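# Inside the fold
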Amino acid sequence: MEITNFGPLIMTKDAESIQQLFEELGFTKRHEKKNVTENKDGGFRMKDEDGHGLAVAQVSRVPQDFVAVQMNVRDFDEAMGILEAHGFKNMSGDGNVIDTGSSKTAIMIAPSGFAINVVYHIRK
(Lines give C-alpha, C1' and ligand atoms only; values in the text may rest on other atoms or scores of the structure.)
Protein backbone atom coordinates (compact mmCIF):
# COMPACT_ATOMS: atom_id res chain seq x y z
CA MET A 1 0.00 0.00 0.00
CA GLU A 2 1.36 3.43 -0.93
CA ILE A 3 1.04 6.18 1.69
CA THR A 4 1.58 9.69 0.32
CA ASN A 5 1.27 11.65 3.58
CA PHE A 6 1.07 10.71 7.24
CA GLY A 7 0.69 13.04 10.20
CA PRO A 8 -1.43 14.47 12.99
CA LEU A 9 -4.98 15.71 12.45
CA ILE A 10 -7.04 17.76 14.91
CA MET A 11 -10.81 17.63 14.36
CA THR A 12 -12.61 20.48 16.09
CA LYS A 13 -15.68 22.70 16.05
CA ASP A 14 -13.39 25.73 16.44
CA ALA A 15 -10.65 25.54 13.81
CA GLU A 16 -9.97 29.26 14.09
CA SER A 17 -8.67 28.98 17.67
CA ILE A 18 -6.51 25.97 16.71
CA GLN A 19 -5.10 27.96 13.79
CA GLN A 20 -4.28 30.91 16.06
CA LEU A 21 -2.50 28.67 18.57
CA PHE A 22 -0.35 26.96 15.96
CA GLU A 23 0.47 30.25 14.24
CA GLU A 24 1.86 31.43 17.58
CA LEU A 25 3.93 28.23 17.62
CA GLY A 26 5.42 29.11 14.22
CA PHE A 27 3.10 27.31 11.81
CA THR A 28 1.50 28.86 8.72
CA LYS A 29 -1.57 27.78 6.78
CA ARG A 30 -0.61 26.13 3.49
CA HIS A 31 -3.73 24.59 1.96
CA GLU A 32 -7.44 24.99 2.68
CA LYS A 33 -10.69 23.28 1.65
CA LYS A 34 -13.95 25.00 2.57
CA ASN A 35 -17.55 23.77 2.71
CA VAL A 36 -16.73 20.17 1.79
CA THR A 37 -19.79 18.62 3.47
CA GLU A 38 -23.46 19.48 3.81
CA ASN A 39 -22.61 20.93 7.25
CA LYS A 40 -20.10 23.35 5.65
CA ASP A 41 -17.20 21.47 7.23
CA GLY A 42 -13.69 21.97 5.85
CA GLY A 43 -10.10 22.00 6.86
CA PHE A 44 -6.56 23.14 6.24
CA ARG A 45 -2.95 22.08 6.54
CA MET A 46 -0.23 23.97 8.39
CA LYS A 47 3.57 23.67 8.37
CA ASP A 48 6.41 25.21 10.30
CA GLU A 49 9.84 26.27 9.01
CA ASP A 50 11.26 22.80 9.65
CA GLY A 51 8.56 21.10 7.57
CA HIS A 52 6.53 19.67 10.47
CA GLY A 53 2.96 19.36 9.31
CA LEU A 54 -0.45 19.40 10.93
CA ALA A 55 -3.95 19.06 9.51
CA VAL A 56 -6.93 20.77 11.14
CA ALA A 57 -10.51 19.85 10.26
CA GLN A 58 -13.55 21.98 11.07
CA VAL A 59 -16.07 19.25 11.91
CA SER A 60 -19.53 20.11 13.20
CA ARG A 61 -20.38 16.59 14.40
CA VAL A 62 -17.61 16.09 17.00
CA PRO A 63 -18.64 16.66 20.64
CA GLN A 64 -15.12 17.82 21.57
CA ASP A 65 -11.71 18.15 19.93
CA PHE A 66 -10.54 14.81 18.57
CA VAL A 67 -7.00 13.90 17.51
CA ALA A 68 -6.26 11.30 14.86
CA VAL A 69 -3.58 10.30 12.40
CA GLN A 70 -4.27 11.45 8.85
CA MET A 71 -3.11 8.95 6.25
CA ASN A 72 -3.28 9.93 2.58
CA VAL A 73 -3.17 6.89 0.31
CA ARG A 74 -3.10 6.03 -3.39
CA ASP A 75 -5.63 3.18 -3.05
CA PHE A 76 -8.57 3.95 -0.74
CA ASP A 77 -10.18 0.50 -0.92
CA GLU A 78 -6.89 -1.26 -0.16
CA ALA A 79 -6.26 0.93 2.91
CA MET A 80 -9.80 0.44 4.17
CA GLY A 81 -9.52 -3.32 3.70
CA ILE A 82 -6.29 -3.52 5.69
CA LEU A 83 -7.72 -1.47 8.56
CA GLU A 84 -11.00 -3.43 8.60
CA ALA A 85 -9.02 -6.69 8.70
CA HIS A 86 -7.41 -5.35 11.88
CA GLY A 87 -10.79 -4.63 13.46
CA PHE A 88 -11.09 -0.92 12.66
CA LYS A 89 -14.65 0.43 12.32
CA ASN A 90 -15.83 3.42 10.33
CA MET A 91 -16.79 6.19 12.78
CA SER A 92 -19.70 7.17 10.51
CA GLY A 93 -20.95 3.62 10.04
CA ASP A 94 -20.12 0.88 7.56
CA GLY A 95 -19.84 2.12 4.00
CA ASN A 96 -20.18 5.82 4.90
CA VAL A 97 -17.48 7.76 3.10
CA ILE A 98 -17.22 11.52 2.65
CA ASP A 99 -16.80 12.15 -1.07
CA THR A 100 -16.11 15.80 -1.91
CA GLY A 101 -15.54 15.18 -5.61
CA SER A 102 -11.82 15.82 -5.18
CA SER A 103 -11.24 13.39 -2.29
CA LYS A 104 -12.73 10.48 -0.37
CA THR A 105 -12.25 10.11 3.37
CA ALA A 106 -13.33 7.95 6.28
CA ILE A 107 -12.39 8.07 9.96
CA MET A 108 -11.52 4.57 11.09
CA ILE A 109 -11.48 3.71 14.81
CA ALA A 110 -9.20 0.93 16.12
CA PRO A 111 -10.52 -1.62 18.62
CA SER A 112 -8.30 0.11 21.22
CA GLY A 113 -9.79 3.52 20.41
CA PHE A 114 -7.21 5.42 18.33
CA ALA A 115 -8.28 6.86 14.98
CA ILE A 116 -6.88 6.99 11.47
CA ASN A 117 -8.46 9.33 8.93
CA VAL A 118 -7.98 7.64 5.55
CA VAL A 119 -7.85 10.13 2.66
CA TYR A 120 -7.67 9.47 -1.07
CA HIS A 121 -7.19 12.48 -3.35
CA ILE A 122 -9.03 11.78 -6.61
CA ARG A 123 -6.76 12.26 -9.59
CA LYS A 124 -8.25 13.32 -12.88
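Residues numbered from 1 in each chain as written. Predicted model: local features only at pLDDT ≥ 70, side-chain atom pairs only at ≥ 80, totals over all residues. Heavy atoms only, no water.

A separate point is the overall build of the protein. When its secondary structure is counted, the protein shows 2 helices and 9 strands. Taken from the N to the C terminus, the helices and strands of the protein come in the order β-α-β-β-β-β-α-β-β-β-β. In terms of C-alpha radius of gyration, the protein reaches 14 Å, essentially the compact-globule figure of 14 Å for 124 residues. On the principal axes, the C-alpha backbone points of the protein span a range of 40 × 30 × 30 Å. With 124 residues in all, the protein has 36% of them scored as buried. Residue pairs in contact within the protein that sit at least 24 positions apart in sequence constitute 54% of those at least 6 positions apart. For the protein, the accessible surface area stands at approximately 7400 Å², while carbon and sulfur atoms represent 49% of it. Computing the positive centroid from 14 side-chain charges and the negative centroid from 18, the protein places the two 5 Å apart. (Helix = DSSP H or I, 4+ residues; strand = E, 2+ residues; numbered from the N terminus. Rg over C-alpha atoms; globule rule 2.2 N^0.38 Å. Buried < 20%, exposed > 50% of the residue type's maximum accessible area, 1.4 Å probe, protein only. Contact = heavy atoms within 4.5 Å. Areas by Shrake-Rupley, 256 points an atom, 1.4 Å probe, with all protein chains shown as cover. Lys, Arg positive; Asp, Glu negative; His and termini not counted. Charge placed at Lys NZ, Arg CZ, Asp CG, Glu CD.)

Right, let's talk about the environment of Val69 for a bit. Along the polypeptide, Val69 turns up in strand β5 (residues 66-73). As for Val69 and Phe6, which are separated by 63 residues in sequence, their C-alpha atoms are 7.0 Å apart. Apart from the residues lying within four places of it in its own chain, the contact partners of Val69 are Phe6, Gly7, Ala115, Ile116 and Asn117.

What follows deals with the environment of Lys104. Of note, Lys104 is situated in strand β8 (residues 103-109). We classify Lys104 as partly exposed; its relative accessible area is 22%. A sequence separation of 23 residues divides Lys104 from Gly81, and the C-alpha atoms of the two residues are 15 Å apart. Setting aside its immediate chain neighbours within four residues, Lys104 contacts Phe76, Asp77, Val97, Ile98, Asp99, Val118, Val119, Tyr120 and Ile122.

Time to look at the packing of aromatic side chains. Per the stated rule, a full pass over the model turns up 2 aromatic pairs. Where Phe88 meets Phe114, the ring centres are 5.4 Å apart and the plane angle is 85°; that geometry is what we call edge-to-face. With Phe88 in the loop between α2 (76-85) and β6 (89-90) and Phe114 in the loop between β8 and β9 (115-121), the pair connects residues that are 26 residues apart, well separated along the chain. The ring centre of Phe44 lies 4.7 Å from the NZ or CZ of Lys29, which sits over that ring. (Phe/Tyr/Trp six-rings, centres within 6.5 Å; stacked < 30°, edge-to-face > 60°. Lys NZ or Arg CZ within 6 Å of the ring centre and 35° of its normal.)

Turning our attention to the pattern of salt bridges. Applying the stated criterion across every chain, the model contains 1 salt bridge. A salt bridge links Glu2 to Arg74, with the shortest nitrogen-to-oxygen separation between them at 3.6 Å. Within this pair, whereas Glu2 is found in the segment before β1 (3-12), its partner Arg74 is found in the loop between β5 and α2, the two being separated by 72 residues in sequence. You can call Arg74 partly exposed: its relative accessible area is 36%. (Salt bridge = Lys/Arg side-chain N within 4 Å of Asp/Glu carboxyl O.)

A separate point is the nonpolar core. Formed by Met71, Val73, Phe76, Ala79, Met80, Leu83, Phe88, Ala106, Met108, Ala110, Ile116 and Val118, the largest nonpolar core amounts to 12 residues. Elements supplying a minimum of two residues to this core: β5, α2, β8 and β9. Ranked by the residues each element gives to this core, the list is headed by α2, at 4 residues. In this structure Met108 touches Met80, Leu83, Glu84, Phe88, Lys89, Asn90, Phe114, Ala115, Ile116 and Val118, once residues within four positions along its chain are discounted. (Core = buried A, V, L, I, M, F, W, Y, C linked by side-chain atoms within 4.5 Å.)

A few words now on helix α1 (residues 15-24). Turning to α1, its buried residues number three or more, namely Ala15, Ile18, Gln19 and Phe22. Here the buried residues of α1 occupy an arc of 100° about the axis, which is enough to place them on one side. Among the exposed residues of α1, those oriented more than 90 degrees off its buried face are Glu16 and Glu24. Immediately downstream of α1, the backbone of Gly26 shows phi near 100°, a positive value. (Arc of directions from axis to C-beta.)

Function cannot be inferred from these measures alone, as they are strictly geometric.
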